[in-house]
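Read off the chains here:
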Amino acid sequence: MTIRLLSPTLINQIAAGEVIERPASALKELVENSIDAGASRIDIKLKDGGRSLLSVTDNGKGMSAEELSMAVERHATSKLPTDDLFNISFLGFRGEALPSIGSVSRLTMTSKAKDADSGYEISVEGGEKSSVKPAACPIGTRVEVRDLFFATPARLKFLKTPSTEASHAVDIINRLAMANPNVSFYLSTEVKQAVKLPASNGDFFETRLARLTDILGKNFGENAMKIDAVRENMHLTGYAGLPTFNRGNAQHQFLFVNGRAVKDKLLNGAVRGAYQDVLAGSRYPVLALFLELPPEEVDVNVHPAKAEVRFRDAGMVRGLIVGALKHALTESGHKTSSTVGIGVLGAIRRPDEVQKQAGFNYQAPLIRGIGARASSYYPSTSTYVSSAPSVQQGLSEHVQGIFDEPSAKPSYIYEVEQEGVEKQSELQEQQNAEEYPLGAARAQVHETYIVAQTSDGIVIVDQHAAHERLVYEQMKKEIEEGNVKTQILLIPEVVEIEESAVSAVSQRSEELAKFGLIVEGFGDNAVVVREVPALIASRIDINKLVVDLADEILDAGEAISLKEKLHDVCATMACHGSVRSGRRLNGDEMNTLLRDMEKTPHSGQCNHGRPTYVELKLKDIEKLFGRS
Ligand code: ADP
Ligand code: MG
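Throughout what follows, the structure given in this document is the object of discussion. Keep in mind that what you see is a predicted model, and the values were worked out from it rather than measured.

Moving on, we get to the pairing of strand β13 (residues 253-257). In terms of residue burial, β13 counts as a mostly covered element, since five of its five residues are buried. One ladder, built from five bridges, connects β13 with strand β16 (residues 287-292); its direction is parallel. Each bridged residue has a counterpart across the sheet, and for Gln253 the counterpart in β16 is Leu287. Between β13 and strand β14 (residues 260-262), which pair antiparallel and follow one another directly, the connecting turn spans two residues, one of which, Asn258, has a positive phi of 45°.

Structure representation (structure tokens):
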């Protein structure tokens, strides 16, 4: 056996096997060359689905006679001036498309450079290059590919019907056109004008949306959310369909990286993650996203046809996409729900913003700036504060005590109206209370939400979420300080659980004691609980708590101490031991909750990351009623 070098034509044909799979892939290479040449208009003709003729005419910068001759040489490119594979700013760079196509077809290129006197023409037939001849033509380049794959008949057998091949070509052109809305694209076959996409004028987003609407349909334009997000040196723009505008597969999800259409699983995963709360698993949103990032952040040289890319920081790209989509979905969720809602929900501010503005200060027991008023808010003589704590007290007593017994007293508001003597000072108190960031409780609605009045607006608190957060933070503090107060159960509670859980819990009983839970094994299939954390004693369903904790312990495995899982354990206990929605609260209870929230870190969110309250400013309410 002799080892020999392959002929250049054979090498080109092998390369063609990778890059040029069908007429549409040849077309992609030619149109990308036109875009790289700065064309603003590209005309395409297909005959026989591109098999007998495929022609691309552009008005780009054109080529000189020498360039024309070089262009069809293998590995000849004008697009890697610095030899830096990680700094690629053109669609092409491998310098193999033209020689590859020329090796398997009859290729003719006619071109005239911008300031040249004359145009030139070159042809390549089955890899045989002709000389360059003068030719009459306008500025720009026309490439004609006839009899594609005539030199590699095996490849011909894999081609589908002309109409199928043509539809692949249209698909490729549509993708290129999405990424290049400033270029006009026209594609015709023997039977029809299949693509007609004139460039449109306008700002960046208008042009982009116009092009997407031309391709994806008018409905897309009407149901799309604008995406515009930046993270470090990455910029994501584009349009994403509302959840209601969905399809049965992911075919209508387009991702472009630095202007290049890519197929990447990352996109599908990120889209799924972002829409999971708003769209059933079997439905897919329609979207086109354009990611711009420094060329060195992405490797496009993974795949000969450059359809796949590799990100240096895929996690960050995913985060950017998910974050941007979720943000858009949140905003548009309000938009679609009702038109009035736009104003209201847009005006409702989340805790993080409120706190920033109100100067919440968790370290100090009093609210900065209005601390002086706190003592007058809780005058020791008032009946009103009989069950309310002094602000200086720790949370423990009232967090634990305040919600235990449903109050028999009439509601706070009722009381104010009834007791004439008290009225004056209580009104004073109310006004003082309004100075607090979360204001004075005015009402409880649906036994779930507390409505409070602040000096310049209203606050709506989710009582369960808020209380859960308070219990959680307090419990964490007690445990960290090694000072957990417990309550002895008069009748120890026997909880039946599986054997594995019994042993897991008994083994951890010493650790659990530090959390305030005194528990021991009770036969093979049960444990007995003797003491529970005082903080949650009055509200917990001990049975459920033990079952959940056992799960937690089994999950953690033996290697991890419960202390390391402190947050999880506390969260579990807090969730079980918090005042439920549906529980009626009186004025004292509500105000106490508000004051405790102001003192507690992270009280703006419950343990599940949902907000515990929202705020609506008076001026926004006025806007809503057309009063300002
Ligand atoms: P690549 O695009 O990777 O550089 P190609 O084989 O596709 O490789 O093209 C080789 C070279 O021919 C390009 O680098 C470019 O300089 C030139 N060229 C190809 N098509 C055109 C065109 N339509 N207009 C101007 N120049 C072109
Ligand atoms: Mg190219």
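Let's pick the thread back up.
The strands making up a sheet associate through hydrogen bonds between their backbones, and the pairing can be parallel or antiparallel. The antiparallel open sheet is built from four strands, whose spatial order is β19-β20-β21-β25. Looking at which strands have only one partner, the edges of the open sheet turn out to be β19 (440-445) and β25 (613-617). Averaged over all adjacent pairs, the angle separating strand axes in this sheet is 20°, with direction ignored. Sheet analysis places strand β20 (residues 449-454) next to strand β21 (residues 457-462), joined by six bridges and oriented antiparallel. Counted as the bridge partner of Ile450 is Val461 from β21.

Right, let's get into helix α9 (residues 265-275). Of the positions making up α9, those classed as buried are Leu266, Leu267, Ala270, Val271, Gly273, Ala274 and Tyr275. Where α9 begins, the capping side chain belongs to Asp264, and its oxygen is found 2.8 Å from the backbone nitrogen of Leu266.

Moving on, we come to the nonpolar core. Leu27, Val31, Ile42, Ile44, Met109, Ile173 and Phe185 are the most contacted members of the largest nonpolar core, which has 44 residues in total. A per-element tally of this core places helix α6 (residues 162-179) first, with seven residues. With residues near it in sequence (within four places) discarded, Leu27 still touches Ile44, Leu54, Val56, Ala169, Ile173 and Leu187. By size, the runner-up hydrophobic cluster in this structure holds 35 residues, among which are Phe93, Leu287, Met316 and Ala328.

Our next topic: the site of ligand 1. Close to ligand 1 lie 20 residues, the nearest being Asn33, Thr77, Ser78, Lys79 and Gly95. At 2.8 Å from an oxygen atom of ligand 1 is found a side-chain nitrogen or oxygen belonging to Asn33. Between a nitrogen atom of ligand 1 and a side-chain N or O atom of Asp58, the distance comes to 2.9 Å. Within the complex, 94% of the 530 Å² of free accessible area of ligand 1 lies under protein. Placement of ligand 1 is best described as lying within the second largest pocket. Looking at the shell around ligand 1, the elements with two or more residues in it are α2 (23-36) and α4 (97-104). Residue contributions to the shell around ligand 1 peak at three residues, all from α4. Here the shell around ligand 1 is built from residues that sort into eight nonpolar, eight polar and four charged.

Here we take up unusual backbone geometry. For Asp147, which is not a glycine, the phi torsion comes out positive at approximately 50°. Topologically, Asp147 is positioned in the loop between β7 (140-146) and α5 (153-156). One non-glycine residue with positive phi stands out, namely Asn258, at about 45°. In this structure, Asn258 sits in the loop between β13 and β14. The exposure class assigned to Asn258 is partly exposed, which follows from its relative accessible area of 29%.

What follows covers the environment of Phe254. Relative to the helices and strands, Phe254 resides in strand β13. By relative accessible area, which is 6% here, Phe254 ends up buried. The sequence separation of Phe254 and Phe290 amounts to 36 residues, and the corresponding C-alpha distance is 8.4 Å. Those residues in contact with Phe254 that lie beyond four places of it in its chain are Arg175, Met178, Leu216, Leu267, Leu287, Ala288 and Leu289.

The rules behind the values
- The written sequence of each chain sets the order in which its residues are numbered from 1.
- Labels are handed out in written order, letters beginning with A for the chains and numbers beginning with 1 for the ligands.
- Given that this is a predicted model, residues contribute local features only at a pLDDT of at least 70 and side-chain atom pairs are listed and counted only at 80 or more, while totals for whole chains, interfaces and linings are drawn from all residues.
- To get the side-chain values, all heavy atoms of the structure are used, and hydrogens and water are removed first.
- Burial classification: accessible surface area is computed with a 1.4 Å probe over protein chains only, and a residue below 20% of its type maximum counts as buried, one above 50% as exposed, and the rest as partly exposed.
- Put simply, DSSP H or I for four residues or longer makes a helix, DSSP E for two residues or longer makes a strand, and each gets a number counted from the N terminus.
- DSSP-based pairing: two strands are paired if at least 2 bridges between them are found.
- Only the stretch in contact is used when a helix axis is fitted, and all axes are lines through C-alpha atoms; the angle between N-to-C directions ranges over 0 to 180 degrees.
- Distance and chemistry together define a polar contact, namely a pair of N or O atoms within 3.5 Å, with one atom able to donate a hydrogen and the other to accept it when in protein, and with adjacent residues in sequence counting only for side-chain atoms on both sides.
- Nonpolar core, defined: a set of buried Ala, Val, Leu, Ile, Met, Phe, Trp, Tyr and Cys residues in which side-chain atoms within 4.5 Å join the residues together.
- Throughout, a contact is declared for two residues whenever any of their heavy atoms are within 4.5 Å.
- Whether a residue is near a molecule or strand depends on its heavy atoms: if one lies within 4 Å, it is near.
- Here the Shrake-Rupley method, with its probe set to 1.4 Å, supplies the accessible areas, and only the displayed protein chains count as covering residues.
- Cavity means a closed set of points on a 1 Å grid over the protein atoms alone, one where a 1.4 Å probe fits but cannot get out, pocket means an open set with protein on both sides within 12 Å along at least 5 of 7 lines, and lining means a residue has an atom within 4 Å of a point.
- Pocket or cavity membership: a molecule qualifies when more than half of its atoms sit within 2 Å of the grid points of that site.
- Residues are grouped as follows: Ala, Val, Leu, Ile, Met, Phe, Trp, Tyr, Cys and Pro are nonpolar; Asp, Glu, Lys and Arg are charged; every other residue, Gly included, is polar.

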